[in-house]
Amino acid sequence: MPPSSGGSKPFPNPRERPSFSMRSIAPILSLVLVIVVIVMAAPAFAGSRRFTYVYEVTTSPPGDVEIENSITWKTRKPDDRGFDQVDFRHELEFGITEKFQAAVYLADWNYHRGMSAGERGFSLTGSALELIYNLTNPVADPIGLAVYQEFQGGYHRFESESKLLAQKNFGRLVVAYNATLEAEWEGDGLEERQGEFQESLGLSFEVNPHLLFGAEFVHEIAFPDWSAAESGKFFAGPNVSFRRRNYWATVTALAQVTRAGDEPDFQIRTIFGFSF
Amino acid sequence: MKRLSFSIALPACAILLASCEAGLRSAPPVTTAFVRAAARETANARTLEEGRKVFVNRCISCHALPAIGRYDSKRIPGIVNWMSHRAHLTRDQKDALVEYLLTVRSQPR
């Protein structure tokens, strides 16, 4: 299973994946476009993220509305050299209180090709609701903490993702850690189930307020059918974040350090946000 | 095993203490002495507490907390005003933040 914070997972049996044409996703794209236009008209500012796989403990201020788009390209699995997949996520984020934020993932979809991905084409993974509650501050308190919960629903698929987020700001250096527990149900009657435990660590150094460099590390252990654990998979790579007055972008490139045959050797995730 | 736990716990505590110290330096807590040193007579403990809360919660979303001592007091209200839209600050929060930063600036370095 690939690093999953913000990404989608391959279906256990690729032939069961609901593929569709551009015509069938046109209404979804139209809806996304309409919402983007509405948000563009609102006086909002996108809170910039230092990492793409690791979440930070800080939440959006109350009344804030942000839009974030995420693109993840995964390529070459040890067992499938022709594998390529591009995942797209479109998120609308709302600051509810000083310590609580909610986000809606309007549509998670991807383009895939390769033996393990089934037929070449587009897939709609689903939509999701994400909630983050901040507990402590990463500057004023010994350690910043937050809890995260995401529910994702799709075609014959439901997923719950719970995280404990930790972060400490050492001046211009930020260190963040996430522990994630995922539970996933798939199939006609959602009878196929599996779990995953994931840890991720991020380090980011602010060279100046516009440019940050760092690294991210992801370690995950899958529990197919909630039984014996599979071997751990480990990914690591650098990241860079660029921010200006009204836009920001963060890019992370991860390489698989282990040799799990069903995981991509390389993946690059970009998240970009705009202020209006 | 006990020795191993100790060798992990000790550096972890040291890092935490050092980080607390760093946090306190960039955003000093509002003490009685701090309130007494407030830049203007209108400042009170509540306003300064609110200013500190805004400083450590909102500002870090975009950048590391700066060393306020480096800034000219006259420039601080303008800088806060410039960033207040981005941080979604209300007028009261903006005023409290300026009050807090001016007080930090007036502290002996």
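You'll find the structure just up there.
The sections below set out a description of the structure shown in this document. (Residues numbered from 1 in each chain as written. Chains lettered and ligands numbered in written order. Predicted model: local features only at pLDDT ≥ 70, side-chain atom pairs only at ≥ 80, totals over all residues.)

Residue and element names in this part refer to chain A. In terms of strand pairing, strand E9 (residues 192-208) meets strand E10 (residues 211-224) through 14 bridges, oriented antiparallel. For Ser200, the partnering residue across the bridge sits in E10 and is Val218. Where E9 folds back on E10, the antiparallel hairpin that results is connected by two residues. Sheet topology note: the E10/strand E11 (residues 233-243) ladder contains 10 bridges and is antiparallel. Bridge pairing in E11 links Glu220 to Lys233. (Pairing = 2+ DSSP bridges. Helix = DSSP H or I, 4+ residues; strand = E, 2+ residues; numbered from the N terminus.)

Residue-level contacts link 20 residues of chain A with 19 residues of chain B. Sort the elements by how many residues they give to the side of chain A that touches chain B and strand E7 (residues 157-170) of chain A lands first, with three residues. (Contact = placed C-beta atoms within 7 Å.)

Moving on, we come to the packing of helix H4 (residues 76-84) of chain B against helix H5 (residues 91-106) of chain B. Residue and element names in this part refer to chain B. Two elements in contact, H4 and H5, have axes whose closest approach is 10 Å; the angle formed by their N-to-C orientations is 145°. Crossing geometry of H4 relative to H5 is assigned as right-handed. Between H4 and H5, the residues in contact are Ile76, Pro77, Val80, Asn81 and Ser84 and Lys94, Leu97, Val98, Leu101, Leu102 and Arg105, respectively. In terms of residue class, the contact of H4 with H5 is built from seven nonpolar, two polar and two charged. (Axes fitted to C-alpha atoms, helices over the stretch in contact; angles between N-to-C directions. Left-handed = near helix turned anticlockwise from the far one by under 90°. Nonpolar A, V, L, I, M, F, W, Y, C, P; charged D, E, K, R; others polar.)

The next subject is the packing of helix H3 (residues 45-58) of chain B against H5(B). The relative placement of two packed helices comes down to the angle between their axes together with the axis-to-axis distance. Residue and element names in this part refer to chain B. Where H3 meets H5, the axes come as close as 7 Å, and the angle between the chain directions of the two elements is 95°. Comparing the axis directions of H3 and H5 gives the class roughly perpendicular. Contacts between H3 and H5 involve Thr47, Leu48, Glu50, Gly51, Arg52, Val54 and Phe55 from the former and Gln93, Ala96, Leu97, Glu99, Tyr100 and Thr103 from the latter. Residue composition of the contact of H3 with H5, by class: six nonpolar, four polar and three charged. (Parallel < 35°, antiparallel > 145°, perpendicular 65-115°, else oblique.)

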